[in-house]
Amino acid sequence: MEDASLAEIIVVTSGKGGVGKTTTSASLATGLARRGKKVAVIDFDVGLRNLDLIMGCERRVVYDFVNVIHGEATLRQALIKDKRFENLFVLAASQTRDKDALSRDGVEKVLKDLAADGFDYIVCDSPAGIEKGAFLAMYFADRAVVVVNPEISSVRDSDRVLGLLSSKTHRAERGDGEVKAHLLLTRYSPQRVESGEMLSIKDVEDVLALKTIGVIPESGDVLNASNKGEPVITDPESMAGQAYDDAVARLLGEDRPMRFTTVEKKGFFSKLFGG
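Notes on the structure follow. (Residues numbered from 1 in each chain as written. Predicted model: local features only at pLDDT ≥ 70, side-chain atom pairs only at ≥ 80, totals over all residues. Heavy atoms only, no water.)

### A word on the side chain of aspartate 245
Moving on, step 1. With respect to the secondary-structure elements, aspartate 245 resides in helix α12 (residues 239-251).
Moving on, step 2. Looking at aspartate 245, the relative accessible area reads 16%, which means it is buried.
Moving on, step 3. With sequence-adjacent residues up to four places away left out, aspartate 245 is seen in contact with Arg34, Arg35, Ile233 and Arg256. (Helix = DSSP H or I, 4+ residues; strand = E, 2+ residues; numbered from the N terminus. Buried < 20%, exposed > 50% of the residue type's maximum accessible area, 1.4 Å probe, protein only. Contact = heavy atoms within 4.5 Å.)

Below, the structure is given as structure tokens:
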């Protein structure tokens, strides 16, 4: 994929389902677009498709990723332009096909065509685990955002994904250096870390040997945003939204301190007034 070097391909992946990959894909893509980048976000979860719901464009899906791969539609016909940002496009997954509907050649062609069309970033929303869709989502990646809940089972499953990222990708096969992987912790609760019920950021970093690019606090805002079809990053009042914005800034090389990672110590007055 040498000629696609202008577009950076980011896979959002995890070992375990339900950790917030699609929420993360939607918010990262939206955050990059908000900073003026031309971004496509692709749902690789054939058969289950959720990205279009979280992006709020499910009623506008006519053609999907599989239609494009099988030559039943052009990429232009299938890309859905986001309502909020001119430079953000969604490619939905198929709800009706099975996992084998994606092929490596087909995926490569779509990614090359997007790169040729001037996209700066292509965000690949991977299904959980290590089956075919997940493998294809990571195969052509330049970077990976590994989404982990701070609990043992999630961390252990992510370790297997890291093994694949270092050995089973296009870059690894070509001896072209590794896919650069970043850790993104979701549903983080400083209180539960302090009481020992949840792994700390450092615990997870030590096990996976990854640096953290973002810590998203446990928050009802995430579900509310998903239900409204709005990526949580678009909510400036939300701590989760702000944390995703920080993660996007770090992805682009900015230095930002981690927020929402420590327990707020109650001040003297709030103790006095029972706050």
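### Considering the pairing of strand β5 (residues 121-125)
Moving on, step 1. Within β5, 5 of the 5 residues are buried, leaving the element largely enclosed by the surrounding structure.
Moving on, step 2. Residue alternation in β5 divides its side chains into two sets, Tyr121, Val123 and Asp125 and Ile122 and Cys124, and both sets are buried.
Moving on, step 3. In terms of strand pairing, strand β1 (residues 8-13) meets β5 through 5 bridges, oriented parallel. Residue pairing in the sheet places valine 12 in a bridge with aspartate 125 of β5.
Moving on, step 4. Pairing between strand β2 (residues 39-43) and β5: 5 bridges, direction parallel. The residue bridging valine 41 from the neighbouring strand is valine 123, located in β5. (Pairing = 2+ DSSP bridges.)

### Quick look at the side chain of serine 238
Moving on, step 1. As for its position among the elements, serine 238 is in the loop between α11 (220-228) and α12.
Moving on, step 2. Looking at serine 238, the relative accessible area reads 1%, which means it is buried.
Moving on, step 3. Among the polar contacts made by the side chain of serine 238, one reaches the main-chain amide nitrogen of alanine 240 at a distance of 3.2 Å.
Moving on, step 4. Apart from residues lying up to four places away in sequence, serine 238 is in contact with Asp221 and Val232. (Polar contact = N/O pair within 3.5 Å; in protein donor to acceptor, adjacent residues only side chain to side chain.)

### A word on the sheet that holds strand β8 (residues 212-217)
Neighbouring strands of a sheet are bound in pairs by backbone hydrogen bonds; such pairs are parallel or else antiparallel.
Moving on, step 1. If you walk across this open sheet you meet the 8 strands as β3-β4-β2-β5-β1-β6-β7-β8, and the pairing is mixed. In the strand order of this sheet, the two ends are held by β3 (80-81) and β8, each with one partner.
Moving on, step 2. Its contacts with the sheet place helix α10 (residues 201-208) against β6 (143-148), β7 (180-188) and β8, and it is angled at close to 145° to β7.
Moving on, step 3. Across the face of the sheet, α12 comes into contact with β1, β6, β7 and β8 while running at roughly 175° to β8. (Axes fitted to C-alpha atoms, helices over the stretch in contact; angles between N-to-C directions.)

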